[in-house]
Amino acid sequence: MIAPATFAACLTPDGTGAIATIAVRGPTALEVVEQLFRGTRDLKPGAVHFGKFGVELADEVVLRVKQAVPLPWVELHCHGGRAVVGMILETLRQQGIVTCAWQEFVRQTTERPLQAEAALLLATAPTTRTAAILLDQYQGSCERALAELRTALHRNELESAGRWLAELAGRAVLGRHLTTPWRVVVAGAPNVGKSSLVNALAGYRRSIVSPLPGTTRDLVSVQIALDGWPVELCDTAGLRAEASALEGQGIRLAEDAVAAADLCLWVLDGAATVPTVVPLPDLSFRAGTKTLVLLNKIDQPAGWVRECEPTALRVSAQSGAGLGELCEAIARRLVPEPPPVGAAVPFTPALCDGITAAWDLWSSEKHDEARGLLDRILEWSNAPS
Ligand SMILES: Nc1nc2c(ncn2[C@@H]2O[C@H](COP(=O)(O)OP(=O)(O)O)[C@@H](O)[C@H]2O)c(=O)[nH]1
Ligand SMILES: [Mg+2]
């Protein structure tokens, strides 16, 4: 049998902190670290030791033996600069230790695969709200729901299995957007105030705002958080039937962006006195239920369109009126039912896809096919019984 290797990884972000943490774990971890550490010779599990680390080049470290058995595991806390981290990792490599990325180290050292995935995603959670949901999954919420699902399937309790599956599937869309932002596209005719609205929502001037129609030819996007949900807000070129060739390119980009969006904010000019531009009908149709209709420029006297759109949200990009309500409305449309604390949320793309596909099969009465798919998901996720 080949002896398992000893691995080392820098667990802290590259070159950004005053202190870096390097973990070393594997059969030779303790003896190699002992050799390279110029401090006490008596490294005790749990104790904290201070000394220099290295051969010719050496630098101060704080060393802690995390565990001696079953596999030795040592942590070195050193100066955070790239040179010191690089020197320590190179010195360890020269002693036969394999260096790896922190993600691989987390996967190796976390017992349950889903917990490891949650730990990796937690590090990139863009808001505290999404981090809290991922922390729940790290602590086992999703695994417990999968275990309940597995038990129900084993016992052939179809109603209960269906309920667990429905609950998980109902949160799969949210689960896909814990670290990947929702895409909200701002579209509408030229000059209605799309760019002004994006700027107002983002809180700074990111898009070009101009009184002339057709200034935004490329997609400009900005990432914001609405009610704790990460949102990529995407400005588009004004959509109108007749446009120059260059403008036309921007319009096609905008059409694609609307088609791929999670939500489209369809902006109308609430102050326009003449209905000059007709929004492209097939586009508003394609956006379908994913659309929130906004009436902008309500700081101005009412124009022709205001009467025609009694249900549209009323906003002013210029005065800020209605923007708070708009943010709430966007968050509600994206996540109509936020999960309660501790709820199970599928969170890796593969898990979200698998659960969604299984639910589609289950709800069209293809129980056996759904079970086949679920067996594979449950085997991979290794849900505890
Ligand atoms: N009075 C008023 N003017 C606005 C408002 N929003 C945008 N505008 C003006 O409308 C014009 C077009 O705005 P812009 O954001 O470039 O429109 P876009 O072509 O849809 O991106 C600019 O002169 C803006 O200052 C608003 O809420 N109130
Ligand atoms: Mg614009």
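### Some details on helix α9 (residues 194-202)
With eight of nine residues buried, α9 is to be regarded as a mostly interior element. Among all positions in α9, only K194, S195, S196, L197, V198, N199, A200 and L201 are buried. Where the residues of α9 are buried, they touch β8 (182-188), β9 (220-226), β10 (229-235), β11 (263-269), β12 (291-296) and α13 (323-334). Within two residues after α9, G203 carries a phi angle of roughly 85 degrees, on the positive side.

### Examining the sheet that holds β10
On the basis of which strands lie adjacent, the open sheet formed by six strands has the order β9-β10-β8-β11-β12-β13 and mixed pairing. Each having just a single partner strand, β9 and β13 (313-314) make up the two edges of the open sheet. Both β8 and β11 contribute to a ladder of five bridges, which runs parallel. Bridging from a neighbouring strand, A187 pairs with W266 of β11. Sheet strands touched by α9: β8, β9, β10, β11 and β12. Its angle to β10, the strand with the most contacts, is close to 155 degrees.

### Observations concerning the nonpolar core
The tendency in soluble globular proteins is for nonpolar side chains to be buried side by side. By size, the foremost hydrophobic cluster in this structure holds 33 residues, and its most contacted members are V184, V185, V186, C264, V267 and L294. The set of elements that each furnish at least two residues to this core consists of β8, α9, β10, α10 (245-260), β11, β12 and α13. Looking at this core element by element, the count peaks at six residues for β11. Those residues within four positions of V184 in sequence are excluded, and the remaining contacts are V231, E232, L233, C234, A261, D262, L263, L265 and I330. L134, C142, L174 and I355 belong to the second-largest nonpolar core, a separate cluster that totals 32 residues.

### Regarding unusual backbone geometry
Here the residue pair V69 and P70 is connected by a cis peptide bond, since its omega of -5 degrees sits within 30 degrees of zero. Its identity as a non-glycine residue notwithstanding, D227 has a phi of 55 degrees, on the positive side. Structurally, D227 is set in the loop between β9 and β10.

### What about the packing of helix α7 (residues 158-170) against helix α14 (residues 349-363)?
Two elements in contact, α7 and α14, have axes whose closest approach is 9 Å; the angle formed by their N-to-C orientations is 135 degrees. Considering the angle they form, α7 stands oblique to α14. Taken as a pair, α7 and α14 cross one another with a handedness that is left-handed. On α14, the residues that touch G162, L165, A166, L168 and A169 of α7 are I355, T356, A358, W359 and W362. Looking at the contact of α7 with α14 residue by residue, the class counts come to eight nonpolar, two polar and no charged.

Criteria and thresholds
Residues numbered from 1 in each chain as written. Chains lettered and ligands numbered in written order. Predicted model: local features only at pLDDT ≥ 70, side-chain atom pairs only at ≥ 80, totals over all residues. Buried ≥ 20, exposed ≤ 12 C-beta atoms within 10 Å, placed from the backbone. Helix = DSSP H or I, 4+ residues; strand = E, 2+ residues; numbered from the N terminus. Contact = placed C-beta atoms within 7 Å. Pairing = 2+ DSSP bridges. Axes fitted to C-alpha atoms, helices over the stretch in contact; angles between N-to-C directions. Core = buried A, V, L, I, M, F, W, Y, C linked by C-beta atoms within 7 Å. Parallel < 35°, antiparallel > 145°, perpendicular 65-115°, else oblique. Left-handed = near helix turned anticlockwise from the far one by under 90°. Nonpolar A, V, L, I, M, F, W, Y, C, P; charged D, E, K, R; others polar.

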